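Summary of the model geometry
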Amino acid sequence: DEPSLPSSCPVDAGSGKDPSCPAIVNCAQISTTTPVTKRLEQTAAYFKRLGALSFWGQLVCTTVAAVILAFSIVVTGAVTAPATLYLTAAGIAAAFLSVFWSFGYMRLAQRLRATAHDPAKAPPRAQVVKNLRNGVLINILGMGAALLGMQATVGLLVAKALTSSAAPFLQGPTAGYSPVLALDVFLVQASSNTVLSHFLGLVFSLELLRSVSLS
């Protein structure tokens, strides 16, 4: 008797060849690897799309923040509160690190697509989750530094505004008078752009982490 194929295995009716045992084994292998391959390809496409959005969004916001901060320091040349400047600069540095991390998501997408037909060589799920969690941690720390810098700058601006409004207009600047500098205003703009950059990175990293955990 001729060996019979399982109902799930396709048979080429026009080939004119009788099915054999190797055909049965191949069909079984195809039926088990096709869903894994399809899932890897979908995950790679998702990582590539969200990684590109995270990379370019963070790159634009972080570059604008860095340019504003550098321009304000060069033009003004005076720093009334170094702590606010250092916190904002730390947030921007973390944002550039997050940009590099987002570029790693696109590289990871290429690895997933390259190993889609050989799942044994695909990156382990634990490694992917660890990379995503590290990206989330970078964004949280950078956003925290930028928020602290923004709060300190706003508090400094409020104190300067109250001090300047209390002094008489026709009377000259009193001792200890500290006017509102352009650097102080620019620090607020740089900090807000930095927070937005980290927010974008955090949203995309959490979405990728959710997709990996559910797949």
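See the structure above.
All figures in this text were calculated on a predicted structure; none of them were measured in a lab.

Before going further, it helps to spend a moment on the overall build of the chain. Looking only at helices and strands, one finds four helices and zero strands in the chain. Counting helices and strands in the order they occur from the N terminus, the chain gives α-α-α-α. When the 215 residues of the chain are sorted by exposure, 33% land in the buried category. Partitioning the intrachain contacts of the chain with sequence separation of at least 6 by distance along the chain shows that 85% fall at a separation of at least 24. Element-wise, carbon and sulfur atoms account for 68% of the exposed surface of the chain, whose accessible area totals about 12,600 Å².

Before going further, it helps to examine the packing of aromatic side chains. Scanning all chains against the criterion turns up four aromatic pairs. Relative to W56, the ring of F55 has its centre 5.1 Å away and its plane inclined at 80 degrees; by these criteria the two rings are edge-to-face. Accessibility expressed as a relative area gives 52% for W56, which makes it exposed. For the pair F55 and F103, a centre-to-centre distance of 5.8 Å together with 50 degrees between the ring planes defines the contact as tilted. Here F55 is found in helix 1 (residues 21-76), whereas its partner F103 is found in helix 2 (residues 82-114), with 48 residues between them in sequence. Members of the aromatic cluster, each reached through a chain of ring pairs, are F55, W56 and F103.

Attention now goes to the pattern of salt bridges. A side chain with one charge can pair with a side chain of the opposite charge if their charged atoms come near. Per the stated rule, a full pass over the model turns up two salt bridges. We note a salt bridge from K121 to D118, for which the minimum N-O separation is 3.7 Å. Taking relative accessible area as the criterion, K121 reaches 61% and is therefore assigned exposed. Using a relative accessible area of 31% as the deciding quantity, one classes D118 as partly exposed. Measuring nitrogen to oxygen at the nearest pair gives 2.7 Å for the salt bridge that ties E207 to R210.

Reading the values: rules and limits
- Residues numbered from 1 in each chain as written.
- Predicted model: local features only at pLDDT ≥ 70, side-chain atom pairs only at ≥ 80, totals over all residues.
- Heavy atoms only, no water.
- Helix = DSSP H or I, 4+ residues; strand = E, 2+ residues; numbered from the N terminus.
- Buried < 20%, exposed > 50% of the residue type's maximum accessible area, 1.4 Å probe, protein only.
- Contact = heavy atoms within 4.5 Å.
- Areas by Shrake-Rupley, 256 points an atom, 1.4 Å probe, with all protein chains shown as cover.
- Phe/Tyr/Trp six-rings, centres within 6.5 Å; stacked < 30°, edge-to-face > 60°.
- Salt bridge = Lys/Arg side-chain N within 4 Å of Asp/Glu carboxyl O.

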